[in-house]
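# A look at the structure
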Amino acid sequence: MKSITFNTIRALLKEWADLRFACLPDFSLPFFSQGGWEGWIQVEWAMFFTSRDYDVVRELKAYDGHLMRADLVFNKNIPKANPSVMDIVVEIKCQSVYVNQNAVYQSISDDVAKLSMLGHNQRGIMVVVVFEQNLFDKLRSEGYYQIPLVQKNICIMYKAVR
């Protein structure tokens, strides 16, 4: 397994999305899935990064002194001999047509608060997948960046929290 940087994660998320979402017709995009789709995307991303020989673990207790789990943790099993190799903790939220936009925003805020508790040798990234313009605009105004995708009906946004 090899270590990964934030920039590589961002580039590979674009590659994954263009491979997976570009071939789907609009009516079958995952935000139409009843019951949410964050778990699906966790598994998809973990398998995608693992297939490229990167170290990633799902649902790991990454918050020191707390029982809370992180959606994904990169570089956990990489020796930290090089000080530039840090654990990268990723929290994910995926908007669904079945959940009110305010509730989605609140769950994003809750995960950002979790990420702010990370230790000095960890970096935190909030990744959000949205489709509604209002939520997109709100996140953009709070410093989230968009990953440009081929599929225009869905958007992956991210923000370094720590």
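Residues numbered from 1 in each chain as written. Predicted model: local features only at pLDDT ≥ 70, side-chain atom pairs only at ≥ 80, totals over all residues. Heavy atoms only, no water.

### Brief notes about empty space enclosed by the protein
What the rule picks out here adds up to two cavities of 30 Å³ or more. In this structure, the largest cavity spans a volume of roughly 40 Å³. Lining the largest cavity are Phe6, Ile9, Arg10, Leu13, Ile125, Val127, Ile147 and Tyr158. Elements with a contribution of two residues or more to the lining of the largest cavity: helix H1 (6-20) and strand S4 (122-130). Counting residues per element, the lining of the largest cavity draws most heavily on H1, which supplies four residues. The residue makeup of the lining of the largest cavity, split by class, is seven nonpolar, no polar and one charged. Taken as a whole, the second largest cavity holds about 30 Å³ of empty space. Looking at the second largest cavity, the residues that line it are Ile9, Leu13, Trp45, Phe49, Leu72, Phe74, Val90 and Val127. (1 Å grid on protein atoms, 1.4 Å probe; cavity = no way out; pocket = protein on both sides within 12 Å on 5 of 7 lines; lining within 4 Å. Points joined across faces, edges and corners; volume = space filled by probe spheres on them. Helix = DSSP H or I, 4+ residues; strand = E, 2+ residues; numbered from the N terminus. Nonpolar A, V, L, I, M, F, W, Y, C, P; charged D, E, K, R; others polar.)

### Let's talk about the layout of surface pockets
Here the largest pocket is characterised by a volume of approximately 190 Å³. What lines the largest pocket is a set of 15 residues, and nearest its centre among them are Phe136, Gln146, Lys152, Ile154 and Cys155. Contributions of two or more residues to the lining of the largest pocket are made by helix H4 (133-141), strand S5 (145-147) and strand S6 (155-160). The class makeup of the residues in the lining of the largest pocket is nine nonpolar, four polar and two charged.

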